[in-house]
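# Results of the structural survey
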Protein chains: 2
Amino acid sequence: MKHTIKFNPYDVEAIEMARFAKALGHPVRIEILRFLESQACCFTGEIVEVFPLAQSTISQHLKELKEAGLIQGEVNPPKVKYCIDQVNWHKAQKLFNEFFNQMSDVSRACST
Amino acid sequence: MKHTIKFNPYDVEAIEMARFAKALGHPVRIEILRFLESQACCFTGEIVEVFPLAQSTISQHLKELKEAGLIQGEVNPPKVKYCIDQVNWHKAQKLFNEFFNQMSDVSRACST
DNA sequence: TTATATCATCGTATTTTTACGATATTAAAA
DNA sequence: TTTTAATATCGTAAAAATACGATGATATAA
């Protein structure tokens, strides 16, 4: 054990934000969220039609978005209606906003 | 070839945003950026001291942040001074802002 | 009861990510 | 000239992500 300043593994907010960011880390998931927004809500099938990916692949992406908390699915067999999860959405929005704005406050002189 | 509406692979903005998001998709990279901000700029060694990861691992994370455009490194052997890349930072800030705010504009009624 | 339609999940292959120790690099210090 | 100090890169192993086809699950329609 070296006696340097160690972070208690990771900061809770950093973990939370990284989780959202990771979910946003693939173009198709960004576009799924956009599409979901433009339709307010929609079924899996509508999304599958729009993207050049297999149904199972889209379903997998939807699962990741759901697990990250960004969307929620209301199951209504045999259909599932997805929409943005408003609570977590705003949480993510706030995290990213604070993150980027906090950065902008500081003097950015990159001196020697 | 089914004649459904296909996206021309992916939207340029979606790709760009996903690239930023992916770079933000790991807690340690979030914290590195925060740390970098609190110091305005700093050397690799200062970052290595703070996190419980090997020097080579931190260097790898820095490389990813650099390749995503979020930071830049001014080499000054044997040291390298890193700071936030202001141009791309603001680009990312804008992308995320638009993304989240556009979403909030729309009516969110999740009707049947 | 037996399809059917709509999704999710499974199995699998390929690629990417994450992390480490070891080694290479390079200007300055001895 | 030979260290030394600070980083990057390489090699590698383990885990996770990505994509697909095939199969499973479930309420409704026939």
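To keep things clear, this report deals only with the structure shown in the data block. (Residues numbered from 1 in each chain as written. Chains lettered and ligands numbered in written order. Predicted model: local features only at pLDDT ≥ 70, side-chain atom pairs only at ≥ 80, totals over all residues. Heavy atoms only, no water.)

## Topic: unusual backbone geometry
Residues and elements named next belong to chain A. Cis peptide bonds are those with omega within 30 degrees of zero, and the linkage from proline 77 to proline 78 qualifies with 0°. Despite not being glycine, alanine 40 has its phi angle at roughly 70°, a positive value. Turning to its location among the elements, alanine 40 is positioned in the loop between helix H2 (27–38) and strand S1 (41–43). (Helix = DSSP H or I, 4+ residues; strand = E, 2+ residues; numbered from the N terminus.)

## With respect to the protein's contact with DNA strand C
Close to DNA strand C lie 23 residues; Gly45, Ser59 and Tyr82 of chain A together with Lys22 and His61 of chain B are nearest. Counting only the atoms of DNA strand C that lie within 4 Å of the protein, the sugar and phosphate share comes to 59%. Tyrosine 82 of chain A places a side-chain nitrogen or oxygen 2.3 Å from a phosphate oxygen of DNA strand C. Where the surface near DNA strand C is concerned, the elements lending two or more residues are helix H3 (44–50), helix H4 (55–67) and strand S3 (79–84) of chain A together with helix H4 (55–67) of chain B. When grouped by side-chain class, the residues that make up the surface near DNA strand C number 8 nonpolar, 10 polar and 5 charged. (Near = heavy atom within 4 Å. Polar contact = N/O pair within 3.5 Å; in protein donor to acceptor, adjacent residues only side chain to side chain. Nonpolar A, V, L, I, M, F, W, Y, C, P; charged D, E, K, R; others polar.)

## Examining empty space enclosed by the protein
This structure, assessed with the given rule, holds 2 cavities of 30 Å³ or more. Approximately 40 Å³ is the volume attributed to the largest cavity. Listing elements by their share of the lining of the largest cavity, those giving two or more residues are helix H5 (86–105) of chain A together with helix H5 (86–105) of chain B. Here the lining of the largest cavity is built from residues that sort into 4 nonpolar, 4 polar and no charged. (1 Å grid on protein atoms, 1.4 Å probe; cavity = no way out; pocket = protein on both sides within 12 Å on 5 of 7 lines; lining within 4 Å. Points joined across faces, edges and corners; volume = space filled by probe spheres on them.)

## Some points on the layout of surface pockets
Estimated volume of the largest pocket: approximately 170 Å³. Taken together, Gly25, His26 and Pro27 of chain A together with Ile15, Ala18, Arg19, Lys22, Ala23, Glu64, Glu67 and Ala68 of chain B make up the lining of the largest pocket. For the lining of the largest pocket, the secondary-structure elements that each account for two or more residues are helix H1 (12–23) and H4 of chain B. The dominant element in the lining of the largest pocket, judged by the number of residues it contributes, is H1 of chain B, at 5 residues.

## Quick look at the side chain of arginine 29 of chain B
All names here are of chain B. Position of arginine 29 relative to the elements: it lies in helix H2 (residues 27–38). Under the relative-accessibility criterion, arginine 29 is labelled buried at 6%. For arginine 29, the contacting residues outside a window of four places in its chain are Lys22, Ala23, His61, Glu64 and Leu65. (Buried < 20%, exposed > 50% of the residue type's maximum accessible area, 1.4 Å probe, protein only. Contact = heavy atoms within 4.5 Å.)

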